[in-house]
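Structure at a glance
Each chain, letter by letter, is given below.
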Amino acid sequence: MTIRIGIGYDIHRLKNGKGIRLGAILIPCEFELVGHSDADVLIHAVCDALLGAVGAGDMGTHFPDSDEKFRGKESSWFLREVAKKVQKKGFKISQIDSVIIAERPKLLEYLPQIRKKLAGLLRTSIEQVSVKAKTNEGLDSIGGKKAIAAWAVSLVQKVKTK
Ligand code: MG
């Protein structure tokens, strides 16, 4: 059995606003994430973890922020595209684990919803997707509420031999 792992990381700046999108779930709060797309750091980290696992580069390769057609794009679209690429390479997703690092807003109550949403977009069971949240204990830019970051790892399994 061939298995592969991948890692992904992303960070986006915060500014004052009406809410942020994490794992394609809108979280009402006094901030907004700044980015070329909808700046969904969690989905961007998961995309890179999956692309890494199948040796297919990263989000910047496939969806460059120099390309106007990706401006304001919903990140759920990127995740579905990446899931298709994983499948085309002959792999299926075994597991995703992730952590969002955010001082504010408090994310605990949204985590079950985010997991469910990601599992739906990736066509996996909820048990195959884990989403955790940490603060940065007031340290650095994340602790200072200037940014939110996310890490993700993925495990994929070869299902087709080419
Ligand atoms: Mg990003």
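Before reading further, recall that the structure is shown in the block above.
Residues numbered from 1 in each chain as written. Predicted model: local features only at pLDDT ≥ 70, side-chain atom pairs only at ≥ 80, totals over all residues. Heavy atoms only, no water.

On to the sheet that holds strand β5 (residues 91-101). By definition, the strands of a sheet pair up through backbone hydrogen bonds, in either a parallel or an antiparallel sense. Within the open sheet, the five strands sit side by side as β4-β1-β7-β5-β6. Their pairing is mixed. Where the open sheet ends on each side, the last strands, each with one partner, are β4 (31-34) and β6 (129-134). Going across the sheet, the axis of each strand differs from the next one's by a mean of 25°, ignoring polarity. As paired elements, β5 and strand β7 (residues 147-158) share 10 bridges and run antiparallel to each other. Bridge assignment links Ile100 to a residue of β7, and that residue is Ala150. Across the face of the sheet, helix α1 (residues 41-53) comes into contact with β1 (3-16), β5, β6 and β7 while running at roughly 155° to β1. Relative to the sheet, helix α4 (residues 111-122) contacts β5 and β6, its axis offset from that of β6 by approximately 145°. (Pairing = 2+ DSSP bridges. Helix = DSSP H or I, 4+ residues; strand = E, 2+ residues; numbered from the N terminus. Axes fitted to C-alpha atoms, helices over the stretch in contact; angles between N-to-C directions. Contact = heavy atoms within 4.5 Å.)

Bringing the coordination of the magnesium ion into the picture now. The magnesium ion binds to the protein through Asp10 (OD), His12 (NE2) and His44 (ND1), with metal-donor distances spanning 2.1 to 2.2 Å. Between the donor residues of the magnesium ion, the gaps in sequence give the motif D-x1-H-x31-H. You can see Asp10 sitting in strand β1 and its partner His44 sitting in helix α1, a full 34 residues away along the chain. The pair formed by Asp10 and His44 is uniform in burial state, with each residue classed as buried. (Donors = N, O, S within 2.8 Å, 3.2 Å for Na, K, Ca; no water. Buried < 20%, exposed > 50% of the residue type's maximum accessible area, 1.4 Å probe, protein only.)

Next up on the list: the packing of aromatic side chains. Summed over all chains, the structure comprises seven aromatic pairs. Here Phe63 and Trp77 contribute two aromatic rings whose centre-to-centre distance is 5.7 Å and whose plane-to-plane angle is 65°, an arrangement assigned as edge-to-face. Of the two residues, Phe63 sits in the loop between α2 (59-62) and α3 (75-88) while Trp77 sits in helix α3, which places them 14 residues apart along the sequence. Residue Phe63 is classed as buried on the basis of its relative accessible area of 10%. Pairing Phe70 with Trp77 gives two aromatic rings, centres 6.1 Å apart and planes at 35°, and the pair type is tilted. A residue is classified by how much of its surface remains accessible, and Phe70, at 5% relative accessible area, is buried. (Phe/Tyr/Trp six-rings, centres within 6.5 Å; stacked < 30°, edge-to-face > 60°.)

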